[in-house]
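# Residue-level structural notes
One-letter residues, chain by chain:
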Amino acid sequence: MTQKPLVSVVTPSYNQAKFLRQTIESVLSQDYPQLEYIIIDGSSTDGSLEIIREYEDQFAFWESVPDKGQTDAINKGFARANGKYLAWLNSDDVYQPGAIAEAIDYLEDHLDVGLVYGDCSFIDANGQKIGDFPAAQTDYDRLRRGYVHIPQQSAFFRADLWQRVGPLDPTFYFAMDYDLWVRLAKESRLVYLPGRHWASFRLHGDAKTIAADARCWPEMLRVHYREGGHWLSPIVFKYGLRRLVAPLINWRRQKMFRASEELLDEKRS
């Protein structure tokens, strides 16, 4: 029987103790035999270290030291990774059972594909499903037009490509994954596998997605102009439209989170 290739998963973490255990267990419970799990914690003070130490004998490496943020933590983790394939899972998100095995089997069977991604659901702070990520097939040209549709939580890519285009740009706070997808798409095919539910993306009031949403599109435009993009282009138009509707989107999100938290309080009382 041929041995499966090593997969390295990195979890950047900082003060996410209320979700961290679920993230860790979703990785360690995967039915994939060759898994290297790396935790890079930014010196948390909320009880995260106690949780990490419970599982430390199952990690390839972990540390808890001050860093320069999420992007820096991911880069540090991948610098220690030995896998043929790479992925990162944030400390408030979770993998679904069988995700890694399905993704790696596909990449092993399709050598021309550099990154594969499946579907991803949105969950709230209580782990309840509240929607679906709008995943869809994309490529370099469509990414350049702002047609992203890659859920980072369910994306797996080749380490040799990372060596060619990485690391993540540390000046990006939000769109470092978009920047990476663009660079990967210049080198290889990206493939979406619909119907493969590989991860859940947690949305909650403290989430980076909510707290820093306004910084995403300006960072995407930095990538656009770096790649030679013109100001008269679809992605620039989408940014203008996004600025107009952003207050409504954020209001609806916050309303949804408040309703979820109130429901949880009712169950506890």
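Above this text sits the structure in question.
Residues numbered from 1 in each chain as written. Predicted model: local features only at pLDDT ≥ 70, side-chain atom pairs only at ≥ 80, totals over all residues. Heavy atoms only, no water.

To continue, consider the packing of aromatic side chains. Summed over the entire model, instances satisfying the criterion amount to 11 aromatic pairs. Judged by centre distance (6.3 Å) and plane angle (35°), the ring pair of Phe157 and Trp162 falls under tilted. Considered together, Phe157 and Trp162 belong to a single accessibility category, that of buried residues. Linked through ring pairs, Phe78, Trp88, Phe157, Trp162 and Trp181 together constitute an aromatic cluster. Here the basic side chain of Arg80 rests over the ring of Phe61, its NZ or CZ set 3.8 Å away from the ring centre. Above the plane of the ring of Phe172 lies Arg222, whose end atom (NZ or CZ) is 4.2 Å from the centre. (Phe/Tyr/Trp six-rings, centres within 6.5 Å; stacked < 30°, edge-to-face > 60°. Buried < 20%, exposed > 50% of the residue type's maximum accessible area, 1.4 Å probe, protein only. Lys NZ or Arg CZ within 6 Å of the ring centre and 35° of its normal.)

Under the criterion given, the structure shown has 13 salt bridges. Here Asp132 makes a salt bridge to Lys129, at a shortest N to O gap of 3.0 Å. For the residue pair Asp132 and Lys129, the accessibility class agrees, reading exposed in each case. With a closest N to O distance of 2.8 Å, Asp179 and Arg183 form a salt bridge. Remark: Arg183 and Asp179 occur in helix α7 (residues 176–187); sequence separation between them is four residues, near one turn of the helix. For the pair Asp179 and Arg183, a shared accessibility class is recorded, and that class is buried. Shared partners join several salt bridges into a network, and the residues in it are Asp179, Arg183, Lys186, Arg226 and Glu227. (Salt bridge = Lys/Arg side-chain N within 4 Å of Asp/Glu carboxyl O. Helix = DSSP H or I, 4+ residues; strand = E, 2+ residues; numbered from the N terminus.)

Let us look at a nonpolar patch on the surface. On the surface, Tyr225, Trp231 and Leu232 cluster together to form a nonpolar patch covering roughly 380 Å² of accessible area. Within the secondary structure, Trp231 is located in the loop between α9 (216–226) and α10 (234–268). (Patch = residues over 30% accessible without salt bridge, like charges linked within 9 Å, V, L, I, M, F, W, Y side chains within 5 Å. Areas by Shrake-Rupley, 256 points an atom, 1.4 Å probe, with all protein chains shown as cover.)

Another point: the packing of α7 against α9. As a packed pair, α7 and α9 sit with axes 9 Å apart at the nearest point and diverge in direction by 25°. In terms of axis orientation, α7 runs roughly parallel to α9. In this structure, the crossing between α7 and α9 has a hand that is right-handed. Packed against α7, whose contacting residues are Tyr178, Asp179, Val182 and Arg183, the element α9 presents Met220, Val223 and Arg226 at the interface. Grouping the constituent residues of the contact of α7 with α9 by class yields four nonpolar, no polar and three charged. (Axes fitted to C-alpha atoms, helices over the stretch in contact; angles between N-to-C directions. Parallel < 35°, antiparallel > 145°, perpendicular 65-115°, else oblique. Left-handed = near helix turned anticlockwise from the far one by under 90°. Contact = heavy atoms within 4.5 Å. Nonpolar A, V, L, I, M, F, W, Y, C, P; charged D, E, K, R; others polar.)

This part takes up the packing of helix α1 (residues 17–28) against helix α2 (residues 48–55). Between α1 and α2, whose axes approach to 9 Å, the crossing angle comes to 20°. Looking at the two axes, α1 sits roughly parallel to α2. Considering only the axes of α1 and α2, their crossing is right-handed. Between α1 and α2, the contacting residues are Ala17, Leu20, Arg21, Ile24, Glu25 and Leu28 on the first element and Ser48, Ile51, Ile52, Glu54 and Tyr55 on the second.

Remember that the coordinates give geometry; whether it matters functionally is a separate question.
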